[in-house]
Structure formats: C-alpha cells, structure tokens
Amino acid sequence: MKKALITGVTGQDGSYLARLLLDMGYDVTGTIRANSQAKMTRLRKLGVADAVRLVDVDLSEINSINRAIRGTAFDEVYNLAAQSFVGSSWDQPIYVADVNGLGVVRLLDALRTYSPQTRFYQASTSEMFGRARAVPQNEETPFHPRSPYGAAKVYGHYITVNYRESFGLHASSGILFNHESPVRSAEMVTRKITLGLARFAHGDHVPVELGNLDARRDWGFAGDYVEGMWRMLQQDVAEDYVLATGITTPIRDFVGFAAEALGLDLAWSGTAEAEHAVDRRSGKVAVKVNPRFYRPAEVDLLLGDATKARTRLGWQPKVTARELAEMMATSDYDDGRA
Ligand code: NAP
Ligand code: G4F
C-alpha cells in the first residue's frame, strides 16, 4: 500500500486528491492547521473525512514540517497548501511569500534530509504567467507574475526545479490553470457567481457584485486536475507539466452559463463600472460591477497549452466551462433548498 502526504488536504484540491488516492488504495495522511477542525467540510462532502489521517502542519513553521516528514517514509508528497486567494495577497504579501514561497523550500529540504526517495509534487500555477508573453502558455512560456501570490509561486516553482537538479529529488511542478468545483472557495469568482446566483434564483434578490468582467480564464474541473497531479508522480523521470483545457472564457460568459443553468434570463446593459445584468423574469438586478473587486494589477488572459501532459501523461480534461458552471450552480441551488 503506497503512503501519500497531502499538504492542504482541507482545501478544494486536497479533498479531491485524497478521494482519488484512497480510491486507488493509498494510505493517505493530510496536513491540517491547528484549530482548523471546522474546515473539514470539503472532506466530509466528498465522503472521505474519516479515511484521512491528519497531522498538524503549518508551512510557516519548520518544526511542524520536519515532524511530519521524519516520522513516515511517504512514497509521494503533494504540496497543495498555500494562501491561494490572489486578491488578498496584496494585503498580506510577506505572509504569502513565507507560506507559498519559503514553505516550499522548508518542505523540500525536509525531504532532502529525511526522505530523499519520496516523490514530490509542487502546486505551481498559471498565475505565474501573469502578463503573459505568449498565447497560449506552455512549459516554455516566460513568467511575469502580476501579484504577490504569483511572485511567491514563481519562487516555489524554481526551488522545486532546483532541488530536482541539485539533489536528484523526484520533484515535479504542475503549472495548473484555474480549476473549480462545487467545493471551490467562495472567494473565487466562479463560486462567488454560482453561490450568489443560486441565492438569487431562490428569491433572495441581492445582486452579485463583481470586479473585472473582461478577464478571461482557462477553467477546468478540479477532479480532472488532481488526476494529472498523480500522473506526474508516476513518471520515471520528474518533469514539469501544464494542465489546462485550451479554452478561455470571459467572466461575463461564466455568469451567463451559471444563470442559464438556474433558469435566469439575464439582459446586460451599461459599460465599465455601470455595467449590470437584469433578470428579465423578476425584473431585478442580478449582477453588477463594484470597483472594490478590481485588482491593483490584473491578469487579463490565461489560455493553456497542455500538449505535453496530453502526449506524455495521457491526461485529458473532461469538463467544459459551461458544464462546470452548471455543476456548481446546480450544487449551490440544491444546497440552498436543503
Ligand atoms: P484552497 O482550497 O485554498 O486550499 C488551500 C489549502 O492550504 C487549505 O487546506 C489551507 O488550510 C491550506 N493552508 C493555507 N495556509 C497554510 C499554511 N500556512 N500552512 C499549511 N496549510 C495552509 O486551494 P486549492 O484551490 O485547493 O489549491 C491547491 C493548491 O494549488 C494551492 O497551492 C494553490 O495555490 C494551487 N493552485 C490552485 C489552482 C486552482 O485553480 N484551484 C490553480 C493553480 C494552482 P486551511 O483550511 O487551514 O485554510
Ligand atoms: O477566481 P479568481 O479569484 O481566480 P485567480 O485570480 O485566477 O486565481 C485562481 O487561479 C489561479 C490559477 O491561475 C490559482 F493559482 C489561484 O490560487 C486561484 O485558484 O479570479 C479570476 C478572475 C480575475 O481576473 C479577477 O479579477 O476573476 C476576476 N474577478 C472579477 N470579479 C473576480 C471578481 N475575482 C474574484 N475573486 N472576485 C470577484 O468579485
């Protein structure tokens, strides 16, 4: 039975990956921050809360990392823990650098010291492309991060490559484009939209307030992406891979997909900060722009090229952005009825 450690197991990806590995017969340990017991919701929703062994680890605290790594000979370690909300990274840039950047080297150095045979996955991100120098983006595209989050992740990415090249660790970095699910954090735009519109569809006519509707993202389903992470660690030679769908969608269109799934009929009007959408059936404003959600520096367009993952890992995303919006909106609507 293979043993895996997932940092950030209480998060969206951690929960889906835990379920995937348990289904494959792995013994799964997950890290949780002390006092985070309330955050077991996602593991419970995916039906695996009781099957995962939990250890207290904070990536900003070296001793907790060393204790977790020293105690067990893990076959695979997936580093999914991070402060993952880009929007708040301008408010706490030092902490984000510590957790998302230095946290990675703390973990890698513990592996180098105590368990060099363990295979390692680092959760890198398309946010590293930032003001993208090429469209679409692949493993060769230069990075130009646009947020403290992205800058910290670039360090995490390169230190993973460096420990592979310096110490021969089997360390892979997955450059993952946005992936969502019904257990996506409510701060992220997709879930904010589906939660807000589901409430609206239930008759709570409070408009969903959004920032930049013109930004475009390459959105896939988290369940597909965690399978890609696993495939990376099954390769004989560790390398880095992009996971993406190859289709980019404006935020405005994702709103439309979710609204349609909920039987809302939106009419858009106005421009820039005055842009809004009225639901024709109720006559109420369902969506409006609030500049409070604009970012100091925006990533306007992400579009991934996952040719390498497709050809080398046999990985394929199965869910489109429209299907994703339907899945999330329906789940939120059904939860709201309960
Ligand atoms: P998520 O839902 O926000 O989960 C993040 C996890 O990290 C949570 O379990 C959180 O624990 C934990 N965490 C936060 N700060 C920590 C710290 N100081 N020490 C230990 N654990 C800490 O994020 P996700 O969407 O699953 O993403 C997983 C990883 O992939 C992240 O590294 C993210 O940056 C990266 N990524 C995500 C996407 C995406 O579209 N989802 C794309 C590319 C890369 P608490 O519950 O205690 O807060
Ligand atoms: O949903 P978002 O917050 O995701 P973002 O910034 O792309 O980051 C996510 O994906 C990254 C991969 O590229 C991950 F690394 C990261 O951890 C996270 O999972 O925002 C998407 C877009 C942005 O352009 C933002 O400005 O939506 C725009 N947006 C417009 N209105 C909004 C809102 N974003 C949020 N969160 N809230 C809004 O009201």
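So, how was this worked out
Residues numbered from 1 in each chain as written. Chains lettered and ligands numbered in written order. Predicted model: local features only at pLDDT ≥ 70, side-chain atom pairs only at ≥ 80, totals over all residues. Heavy atoms only, no water. Pairing = 2+ DSSP bridges. Helix = DSSP H or I, 4+ residues; strand = E, 2+ residues; numbered from the N terminus. Axes fitted to C-alpha atoms, helices over the stretch in contact; angles between N-to-C directions. Salt bridge = Lys/Arg side-chain N within 4 Å of Asp/Glu carboxyl O. Buried < 20%, exposed > 50% of the residue type's maximum accessible area, 1.4 Å probe, protein only. Contact = heavy atoms within 4.5 Å. Parallel < 35°, antiparallel > 145°, perpendicular 65-115°, else oblique. Left-handed = near helix turned anticlockwise from the far one by under 90°.

Caption draft 1: Region of interest: the sheet that holds strand β15 (residues 284–289). The strand order across the open sheet built from four strands is β8-β15-β14-β13, with neighbouring strands paired in mixed fashion. On the outer flanks of this sheet lie β8 (208–210) and β13 (266–269), each paired with one strand and no other. When strand polarity is set aside, the average angle formed by the axes of neighbouring strands in this sheet is 20°. Note: β13 against strand β14 (residues 276–279), four bridges, orientation antiparallel.

Caption draft 2: Local environment of the pattern of salt bridges. Applying the stated criterion across every chain, the model contains 20 salt bridges. Across the pair E209 and K288 runs a salt bridge, and its minimum N-O distance is 3.9 Å. With E209 in strand β8 and K288 in strand β15, this pair connects stretches of sequence that are 79 residues apart. Classification of K288 as partly exposed rests on a relative accessible area of 34%. Residues D334 and R337 are paired through a salt bridge, measuring 3.0 Å at the closest nitrogen-oxygen approach.

Caption draft 3: Region of interest: the environment of Y114. For Y114, the location among the structural elements is in helix α4 (residues 93–114). Not counting the four nearest positions on each side in its chain, Y114 is found in contact with N66, I69 and R70.

Caption draft 4: The packing of helix α6 (residues 189–201) against helix α10 (residues 321–337), seen in detail. Between α6 and α10, the least distance of the axes is 8 Å, while the angle of their chain directions is 45°. Considering the angle they form, α6 stands oblique to α10. In this structure, α6 crosses over α10, and the sense of that crossing is right-handed. Residues T190, R191, T194, L195, A198 and A201 of α6 form the contact with α10, whose participating residues are A325, M328, A329, D332 and Y333.

Caption draft 5: Representation of the sheet that holds strand β6 (residues 171–176) within the structure. Spatially, seven strands are ordered β3-β2-β1-β4-β5-β6-β11 in an open sheet, and the strand pairing comes out parallel. Bordering the open sheet on either side are β3 (53–56) and β11 (241–243), each of which pairs with just one other strand. Here the average twist between neighbouring strands, direction ignored, is 25°. In this structure, strand β4 (residues 76–79) lies alongside strand β5 (residues 119–125), joined through four bridges in parallel fashion. Note that in β5 the partner of Y78 across the bridge is Y121. In the packing of α4 onto the sheet, contacts are made with β1 (3–7), β4, β5 and β6, and the angle to β5 comes to roughly 170°. Packing against the sheet, helix α7 (residues 222–233) makes contact with β4, β5, β6 and β11, and its axis sits at approximately 155° to β6.

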